[in-house]
Each structure stands twice: as C-alpha cells, then as structure tokens.
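Next come the chains, spelled out residue by residue.
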There are 2 protein chains.
Amino acid sequence: MTEKPYDPHDYPPFAVTVDVVILTMVKKTLKILLIQRGQGPFRDAWALPGGFVLPDEDLGDAALRELKEETNISDDAIHLEQLGTYGSPERDPRMRVVTVAYWAIVPNLDKPIGGGDARHAEVVPVAEIESGRLRLAFDHEQILIDAIERMRSKMEYTNVATNFFEDSFTVSEFRSAYEAAWDTELNPGNFQRKLQQSADFLTPTGEKSPSESSGGRPADLYMAGPEKDLSPPLKRSKPKKSNK
Amino acid sequence: MTEKPYDPHDYPPFAVTVDVVILTMVKKTLKILLIQRGQGPFRDAWALPGGFVLPDEDLGDAALRELKEETNISDDAIHLEQLGTYGSPERDPRMRVVTVAYWAIVPNLDKPIGGGDARHAEVVPVAEIESGRLRLAFDHEQILIDAIERMRSKMEYTNVATNFFEDSFTVSEFRSAYEAAWDTELNPGNFQRKLQQSADFLTPTGEKSPSESSGGRPADLYMAGPEKDLSPPLKRSKPKKSNK
DNA sequence: CCAAAAGTGTTTCCTTTACACCCATGC
DNA sequence: GCATGGGTGTAAAGGAAACACTTTTGG
C-alpha cells in the first residue's frame with residue numbers, strides 16, 4: 001500500500017480538522033468553552049471550537065491558532081496537548097472528516113472574546129456537560145468526556161493544574177483547583193505537606209497573599225517549579241462534595 | 001470555519017493513513033514488527049506496517065486490518081489502542097499525510113506472515129530500535145519511542161501484559177514479560193504477592209504447568225481476570241539487567 | 001538426597017491518613 | 001481577645017522492599 005507512487009487520485013481524500021477542549025477555572029468552578037452553532041447540521045447544539053487544518057500547518061499549530069481565536073491568552077500560560085483522533089465515517093453527515101482533538105488549560109477565562117461573527121461562545125460548567133442535559137454536536141460529547149478524564153488523571157502526577165493560574169497562587173487556591181476538578185475534598189494539611197515534600201514542584205515567590213477580608217493568616221505565594229512530575233502521585237478519593 | 005457549507009474544493013485535502021506498532025514477546029525478548037521498504041523515499045529503511053484508511057472505514061478498523069495483514073492473530077488475543085496522530089507538513093516528502101498511530105500487543109509472534117509481495121518483514125528487538133542504529137522511515141522513530149513508553153507506562157496499572165500470552169501463563173512467565181519490557185529485575189516473591197492481593201486481576205485455571213526439565217516446583221497457571229486495573233500500580237525501578 | 005523453581009512469612013521502612021495543635025492576620 | 005484560614009506535629013495504619021524460609025517437582 002504505502003509502496004505505490006502517490007497520485008492525487010490514488011488515495012481517498014479526507015478533511016482534517018482540529019477541535020480544542022479549553023478548560024478553565026472560574027470562581028472555583030471547572031468550565032469549558034463551547035460554541036453554539038448557528039447553522040448547518042446540529043444547528044443550535046453546542047460544539048467545540050475548531051476548524052480545518054491549513055495545507056502547510058502543523059497539527060499542534062492549528063490547535064493553538066483555534067485556541068487563540070477564542071481566548072487571547074499568551075503562549076506561556078497555556079498547557080496544550082493532543083488528546084486523540086476521532087474519525088468515524090458517520091461523524092459528520094456532510095463528508096468524511098477526521099478530527100484531531102486537543103485539550104488545553106488556560107487561566108481564569110471568564111468571558112471568551114467574541115468572534116467578529118455572531119457566534120455565541122460561552123464557558124459552560126463541567127457539571128452541566130456531565131449531566132448530559134446539553135445537546136452536543138457531532139461526537140463532541142465523547143471528546144469532552146475523554147478530555148475531562150485525561151485532565152483529571154494527569155493532575156494526579158503532573159503540574160498541569162498550575163496552568164489554571166496566571167501568575168502566582170497560594171497552596172489553598174491550588175488545592176481548590178484539585179477539589180473543583182475532582183469534585184472531592186482534600187485535607188488542607190496533608191495537601192500542603194505533600195507538595196512541600198516534592199522539592200522543586202512548586203517554587204515559593206517569597207511573597208504573601210493579602211489576607212482575605214474574612215481574616216486568617218496570609219498564605220505564601222508559589223509558582224510552578226522546574227519539576228513537572230509528582231512522584232508518588234496524588235490520589236483522587238471518592239467524590240464527597242455536593243453533587244446537588 | 002466549521003459553519004460554511006462544505007464543498008470538495010472548499011477544504012484542503014489530506015491523505016490519512018494508519019501505522020501500527022505491533023509489540024510481541026519472543027523468548028523473553030520484547031520485539032516489534034517492522035517492514036523494510038523496497039522503494040520510494042526511505043528505500044531500504046525500516047517502517048511501521050500501515051496504509052491508507054479506506055473511504056468508509058473507521059480508524060480502528062483500518063488499524064486492525066493492517067495488523068491482520070501481518071500477523072493472522074485472532075481478534076480476542078489482541079490489545080489494540082490508539083497512540084496519537086502525527087501530521088507534520090514535512091513528514092512525507094511526496095504529499096501531505098496525516099497518520100493515526102496505533103499500538104498493539106500480540107502473543108508470541110515469531111515470524112510475520114510473508115505478504116504476497118516481496119516486502120521484507122521482521123520482528124526486531126526493541127533494544128535494537130532504542131540503540132538508534134536502525135534507519136527508520138518518516139517520523140517512525142518518534143512513533144516507536146512514544147509507543148514503547150506508552151506500553152511501559154500502561155503495564156504499571158493495567159493488565160495489558162496478559163496479551164503477550166496466547167492462553168494461560170504462570171506468574172513467572174508474566175513476571176518475565178515485565179522484566180523484558182522494563183529491562184529490570186523484579187523480586188519473584190513480592191511480584192507474586194502483589195498479584196494475589198489484587199483479587200480478580202488474574203484468574204487461576206486450576207492447572208499447573210509441566211515443570212521444566214531443569215526441575216523445580218510446577219507453577220499454577222493463570223488467565224487474565226475480569227479486573228483490568230491494578231491499584232495501587234506496579235512500579236518500575238531503575239534498569240538493572242544487562243544493557244551490554 | 002540435592003538442585004531448582006514456586007510460593008509464603010516476616011521484618012523493616014516509608015508513605016499516607018486523620019486530627020490535634022500552633023501561627024499570623026483582620027476586626 | 002476572638003474568629004479565620006495557613007501551616008506543622010504526631011501517632012496509627014497500610015503497602016512495599018528485602019530476604020529467609022518452606023513447598024514441590026526432576027534427577
């Protein structure tokens with residue numbers, strides 16, 4: 001197969017797109033950026049931001065381009081990673097499309113930047129997506145499920161969660177990110193110690209956060225350290241918090 | 001982007017292929033099936049088995065088809081899983097090709113079945129691939145590195161390693177698979193106990209293996225159990241064995 | 001009886017867990 | 001002083017590592 005000389009008419013043509021699951025944390029709630037479709041199949045359903053890969057564009061660059069069209073976040077504050085490729089022949093009723101899905105963590109994306117067109121973009125809580133009440137286009141529900149699970153799993157043994165924050169953060173803010181992402185409660189003391197033990201995982205900035213109006217001891221501020229892996233990993237225990 | 005009506009001339013056409021990393025264990029050595037290219041670019045270099053995805057074919061089906069063309073293994077003895085997608089614009093000098101890579105574990109593939117054509121297929125030890133002495137086509141070296149790491153990692157917390165065996169196996173055979181894959185030595189007693197503790201991970205067949213000619217107590221035979229995850233996971237320690 | 005491989009017991013060490021306690025701030 | 005959250009001490013429980021020991025076969 002691979003041995004024949006190539007000819008434009010010799011191979012089946014595919015459209016290749018990228019779709020990006022953009023995760024963010026707003027007020028201790030895990031959210032994902034979705035776009036409500038204005039036309040075409042799955043009109044009014046929610047879809048992931050995405051689009052065609054350009055003829056000379058690398059896959060990762062295409063994902064980064066789509067991400068930036070929606071957020072205007074600077075490169076260095078982004079974690080962007082390939083999730084997997086979805087290419088069932090029936091996934092788009094119009095033609096054969098293979099989509100390479102990516103997932104990203106960006107800090108504090110409150111409102112997506114409005115595209116010039118009238119597309120309706122919104123950051124939707126993950127709880128709402130997981131409830132199944134949202135109508136999602138194509139196979140985007142499966143992509144979302146896979147992306148959320150991948151993020152939850154990767155938070156166990158890497159520092160990806162630092163990307164939820166723009167600059168520095170306190171240990172309790174960091175812990176809140178874990179509690180929101182895993183829908184669980186973590187013991188503050190043990191969480192603190194666990195991170196201290198792994199040298200270079202978090203780097204102290206030397207500064208302290210302004211103590212909240214409610215009082216309490218001011219917390220030390222940290223940034224992501226040079227060590228990106230946590231070993232042994234954190235463990236997510238059973239969800240304890242509100243499921244409403 | 002995704003909103004426009006589609007037209008064959010409206011999107012950049014890509015060729016989509018699958019490549020499959022087929023891992024197997026022969027006489028306690030981890031090996032991968034490679035094909036020596038007879039023509040085209042990278043002539044005489046080694047390449048992964050693969051080919052075009054057909055117009056109405058699912059990606060996973062395409063990978064399974066390519067796998068079967070090389071091995072004649074029955075479905076149920078195979079672990080097949082998507083690895084990732086590689087689509088750099090320069091990866092194939094002839095045209096824009098995006099390839100979806102898969103990795104598989106098959107039992108005891110001593111000799112690949114010869115295709116009708118004169119292609120030269122061989123199972124190559126992983127150590128040789130990792131040495132960097134082999135000339136590999138396209139970006140297949142990167143795909144191989146990623147696949148080997150994925151397999152090593154997945155062996156820590158799942159039962160994928162059971163797929164190295166056709167039927168039942170002893171605990172020491174199972175341990176040998178880990179030692180070969182991780183290039184390490186594992187304590188026989190502790191390995192045994194670890195697997196016993198996780199109920200349903202391995203199911204005893206009730207039979208015993210014929211004791212080897214060298215003597216020794218006959219070992220109990222096991223098959224993969226209903227529980228596919230190992231928690232807490234096994235840990236790979238530093239390589240101890242020969243690196244020559 | 002001896003060699004060899006399978007499988008079990010036992011001790012030591014380390015990590016996690018639970019929870020009590022001290023620290024530093026606002027009011 | 002008191003409430004509030006940040007951070008540390010500590011003891012109990014659990015798993016992993018090392019290694020001695022018992023079991024079951026072939027010669």
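In what follows, the structure referred to is the one given above.
(A) Just the protein's contact with DNA strand D, in detail. Neighbouring DNA strand D are 24 residues, the closest being Ser 172, Gly 216, Arg 217 and Asp 220 of chain A together with Lys 194 of chain B. Take Ser 172 of chain A: an N or O atom from its side chain is 2.3 Å from a phosphate oxygen of DNA strand D. Looking at the surface near DNA strand D, the element that brings in the most residues is helix 5 (residues 188-197) of chain B, giving four residues. Taken together, the residues of the surface near DNA strand D sort by class into four nonpolar, 13 polar and seven charged.

(B) Spatial organisation of the protein's contact with DNA strand C. Near DNA strand C you find 22 residues, and of these Asn 190 and Lys 194 of chain A together with Ser 172, Arg 193 and Asp 220 of chain B are the closest. Sugar plus phosphate, as a fraction of atoms of DNA strand C within 4 Å of the protein: 61%. Arg 193 of chain A places a side-chain nitrogen or oxygen 3.3 Å from a base nitrogen of DNA strand C. At the level of elements, helix 5 (188-197) of chain A together with helix 5 of chain B are the ones that each hand at least two residues to the surface near DNA strand C. For the surface near DNA strand C, a count of residues per class yields four nonpolar, twelve polar and six charged.

(C) Here's a closer look at helix 4 (residues 171-182) of chain B. Residue and element names in this part refer to chain B. Helix length check: helix 4, at twelve residues, gives a terminal C-alpha distance of 16 Å against a target of 16 Å (1.5 Å per residue), a fit within 8%. When you tally the buried positions in helix 4, you get ten out of twelve residues, the bulk of the element. With its phi angle positive at about 50°, Asp 183 sits one or two positions after the end of helix 4.

(D) How the structure looks around the pattern of salt bridges. With the rule as written, the count across this model stands at 24 salt bridges over all chains. Notably, a salt bridge pairs Glu 69 of chain A with Arg 65 of chain A, separated by 3.6 Å at the nearest N-O pair. Note that Glu 69 of chain A and Arg 65 of chain A are positioned in helix 1 (residues 59-71) at a spacing of four residues, about one turn of the helix. On the basis of relative accessibility, which here comes to 40%, the residue Glu 69 of chain A falls in the partly exposed class. Where Glu 179 of chain B meets Arg 175 of chain B, a salt bridge forms, and the shortest distance between an N and an O atom there is 3.6 Å. Highlighted residues: Glu 179 of chain B and Arg 175 of chain B, both in helix 4, separated by four residues, approximately one helical turn. By relative accessible area, which is 12% here, Glu 179 of chain B ends up buried. In this structure Arg 175 of chain B comes out as buried when scored by relative accessible area, which is 15%. Through salt bridges with shared partners, one network takes in Glu 57, Arg 65, Glu 66 and Glu 69 of chain A.

(E) Highlighting a negative patch on the surface. A surface patch of negative charge is lined by Glu 90 of chain A together with Asp 56, Asp 58 and Asp 61 of chain B. Within the fold, Asp 56 of chain B resides in the loop between strand 4 (50-52) and helix 1 (59-71).

(F) Main features of the sheet that holds strand 10 (residues 220-224) of chain A. Residue and element names in this part refer to chain A. Taken together, the three strands give an open sheet; going across it, the order is 8-10-9, and neighbouring strands pair in antiparallel fashion. Strand pairing shows two members of the sheet lacking a second neighbour, strand 8 (169-170) and strand 9 (202-208), which therefore form its edges. When strand 9 meets strand 10, the two strands line up antiparallel, connected through four bridges. Of the residues in strand 10, the one forming a bridge with Lys 208 is Asp 220.

(G) Focus on the interface of chain A and chain B. On the chain B side, the residues contacting the 38 residues of chain A number 38 residues. Each partner contributes to the roughly 3600 Å² buried at the junction of chain A and chain B, and carbon and sulfur atoms together form 60% of this total. In this assembly, chain A and chain B are joined by zero salt bridges. Counting every contact that joins chain A to chain B gives ten residue pairs in polar contact (both at pLDDT 80 or more). Put simply, the parts of the chain that give the side of chain A that touches chain B at least two residues each are strand 1 (15-26), strand 4 (50-52), strand 5 (79-86) and strand 6 (97-105) of chain A. Looking at the side of chain A that touches chain B element by element, the count peaks at four residues for strand 5 of chain A.

About the cut-offs
Residue positions are counted from 1 within each chain, in the order its sequence is given. Here chains are named by letter from A upward and ligands by number from 1 upward, in the order in which they appear as written. Local features in this predicted model are restricted to residues of pLDDT 70 or higher, and side-chain atom pairs are both shown and tallied only at a pLDDT of 80 or more, whereas totals for entire chains, interfaces and linings draw on every residue. Excluded from the side-chain calculations are hydrogens and water; all other atoms, namely the structure's heavy atoms, are used. Any residue with a heavy atom lying within 4 Å of a molecule or strand is counted as near it. A 3.5 Å cut-off defines polar contacts: any pair of N or O atoms within that distance qualifies, except that in protein one atom must be a possible hydrogen donor and the other a possible acceptor, and neighbouring residues in sequence count only when both atoms are side-chain atoms. Each helix is a run of H or I in the DSSP string that is no shorter than four residues. Each strand is a run of E no shorter than two, and both are numbered from the N terminus. Three residue categories are used. Nonpolar comprises Ala, Val, Leu, Ile, Met, Phe, Trp, Tyr, Cys and Pro, charged comprises Asp, Glu, Lys and Arg, and polar comprises the others, including Gly. Multiplying 1.5 Å by the helix residue count minus one yields the expected span of that helix. When a residue's accessible area, from a 1.4 Å probe over protein chains only, is under 20% of the maximum for its type it is buried; when over 50% it is exposed; and in between it is partly exposed. For this document, the term salt bridge refers to a Lys or Arg side-chain nitrogen within 4 Å of an Asp or Glu carboxyl oxygen. Within the patch definition used here, like charges are joined within 9 Å and nonpolar side chains (Val, Leu, Ile, Met, Phe, Trp, Tyr) within 5 Å, considering only residues with over 30% relative accessible area and no salt bridge. Computed by Shrake-Rupley with a 1.4 Å probe, the accessible areas treat only the displayed protein chains as cover when residues are assessed. His is not counted, nor are the chain ends; Lys and Arg add positive charge and Asp and Glu add negative charge. Where a charge lies is defined by one atom per residue type: Lys uses NZ, Arg uses CZ, Asp uses CG and Glu uses CD. Pairing between strands requires that DSSP locate at least two bridges from one strand to the other. In this analysis, two residues are considered to be in contact whenever any of their non-hydrogen atoms come within 4.5 Å of each other. Each of two parts loses accessible area, computed with a 1.4 Å probe, when they are put together; buried area is these two losses added.

Any functional reading would require information beyond the geometric quantities listed.
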